[in-house]
Amino acid sequence: MRQRLLWALVAMASLLLAACAQEEEQTTQPPPTAAATTPVPKLTGNVVIDGSSTVFPISEGVGEEFSKVQPGVKVVVGISGTGGGFKKFCNGETDISDASRPIKPSEVEACAKNGIEFIELPVAFDALSVVVHPSNNWVSCIKVEELKKMWEPAAQGVITRWNQVNPSWPDRPLRLYGAGTDSGTFDYFTEAIVGKEDASRGDYTASEDDNVLVQGVAGDPNALGYFGLAYYLENQNRLKALAIYGGKGCVEPTVENVINGKYQPLSRPLFIYVNAKSAARPEVQAFVDFYLQNAKKIVPQVGYVPLPDEAYRLATERWQARKTGTLFQGVEPGLRIEDVMARER
């Protein structure tokens, strides 16, 4: 009897020890998700951007999304036009310059004079929209030659009525609205349409702010103007976009036609230029990382056309390597952006 009781006590003790060991093992194991969570470092500081009104909606959109991830970083985006933006950038006043054209040799020289090195990064495609008032019922497609006749320097004070451009159009005043001379849009339009950069008549309503041009054309039945595709898409109920005849039929300014290369000569790449010294600051580095990682999603939301995946990959590669200088200066319109970027590899 005593032996049976002893064996029973031994068995009970064994069970209790096993239970305690199991409970201790369970309580000492870390939660399964504890090691998988890596906190995002919270940054502070400012990222100062200025330049093209065309690139503005993209940088503003990226800035708004970035602020949700890094609320301690203040992103300030201004509009001085591409040329005005480069003046500030080359003076060391900004971290990033928005540009709707490649940097000019004179601007490269100005930056070098002040010791400013830069990293050139394409971020999107744009099309320049040629627009009229919605009540305009005499033109839906316009030839490049007709636009040149309107906008070339020789037209100043001479071509002032619609029927002077095309006899089938009505004898009505022709009032023009376009980009100011500090705008990259002005540089691109004059080169693509007139054949020489900065060659334009001066007697038109000019502004570096595309919203001012939208207001002007929307309020004038005799108007014709040009500006970035995004501003037309935002105001389709107030404006009428014209198809462009460049020799291969009338082509409308649509996202599809920009991607497939049909909308020529008025489609172009858009850029940001990053001050190489600013790039060493954590908040600027994080912002540009975020810009390139999220551009494909944000760009179409503000009315522009994303680059091909390969172009974003090459831009990211260029940024990570901190490669300075320009690849796009003097590049002819219509060349694939990936081919331009692959030249330095």
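Scroll up to find the structure this text is about.
What counts, and at which threshold
- Residues numbered from 1 in each chain as written.
- Predicted model: local features only at pLDDT ≥ 70, side-chain atom pairs only at ≥ 80, totals over all residues.
- Heavy atoms only, no water.
- Helix = DSSP H or I, 4+ residues; strand = E, 2+ residues; numbered from the N terminus.
- Buried < 20%, exposed > 50% of the residue type's maximum accessible area, 1.4 Å probe, protein only.
- Contact = heavy atoms within 4.5 Å.
- Areas by Shrake-Rupley, 256 points an atom, 1.4 Å probe, with all protein chains shown as cover.
- Disulfide = S-S within 2.5 Å.
- Pairing = 2+ DSSP bridges.
- Axes fitted to C-alpha atoms, helices over the stretch in contact; angles between N-to-C directions.

**Student:** I'd like a rundown of the overall build of the protein chain, residues and numbers included.
**Tutor:** Within the protein chain, the secondary structure is distributed over 13 helices and twelve strands. Across the 345 residues in the protein chain, those meeting the buried criterion constitute 48%. Of all intrachain contacts in the protein chain linking residues separated by at least 6 positions in sequence, the fraction that spans at least 24 positions is 76%. Accessible area for the protein chain stands at about 16,800 Å²; split by element, carbon and sulfur atoms hold 53% of it.

**Student:** Explain the state of the cysteines to me, using residue names and the numbers behind them.
**Tutor:** Considering all chains together, one arrives at two disulfides under this definition. The residue that forms a disulfide with C90 is C111, at a sulfur-sulfur distance of 2.0 Å. As the torsion about the S-S bond is roughly -70 degrees, the C90-C111 disulfide counts as left-handed. Taken together, the residues C90 in helix α3 (residues 81-90) and C111 in helix α4 (residues 105-113) connect sequence positions 21 residues apart. Here C90 falls in the buried class, since its relative accessible area comes to 3%. The exposure class assigned to C111 is buried, which follows from its relative accessible area of 0%. With a sulfur-sulfur separation of 2.0 Å, C141 is cross-linked through a disulfide to C250. Residues C141 and C250 are joined through a disulfide that is left-handed, its torsion about the S-S bond being -95 degrees.

**Student:** Could you give an account of the sheet that holds strand β5 (residues 141-143), naming the residues involved and the relevant values?
**Tutor:** Pairing within the open sheet is mixed, and its three strands lie in the order β5-β10-β11. Strands with a single pairing partner mark the edges of an open sheet, and in this sheet they are β5 and β11 (250-251). Looking at chain direction, β5 and strand β10 (residues 243-245) are connected through three bridges and run parallel. Across the sheet, residue C141 finds its bridge partner in β10, namely A243. Of the strands in this sheet, β5 and β10 touch helix α5 (residues 144-151), which is tilted by about 70 degrees from β5.

Limitation: the analysis is restricted to geometry and does not speak to function.
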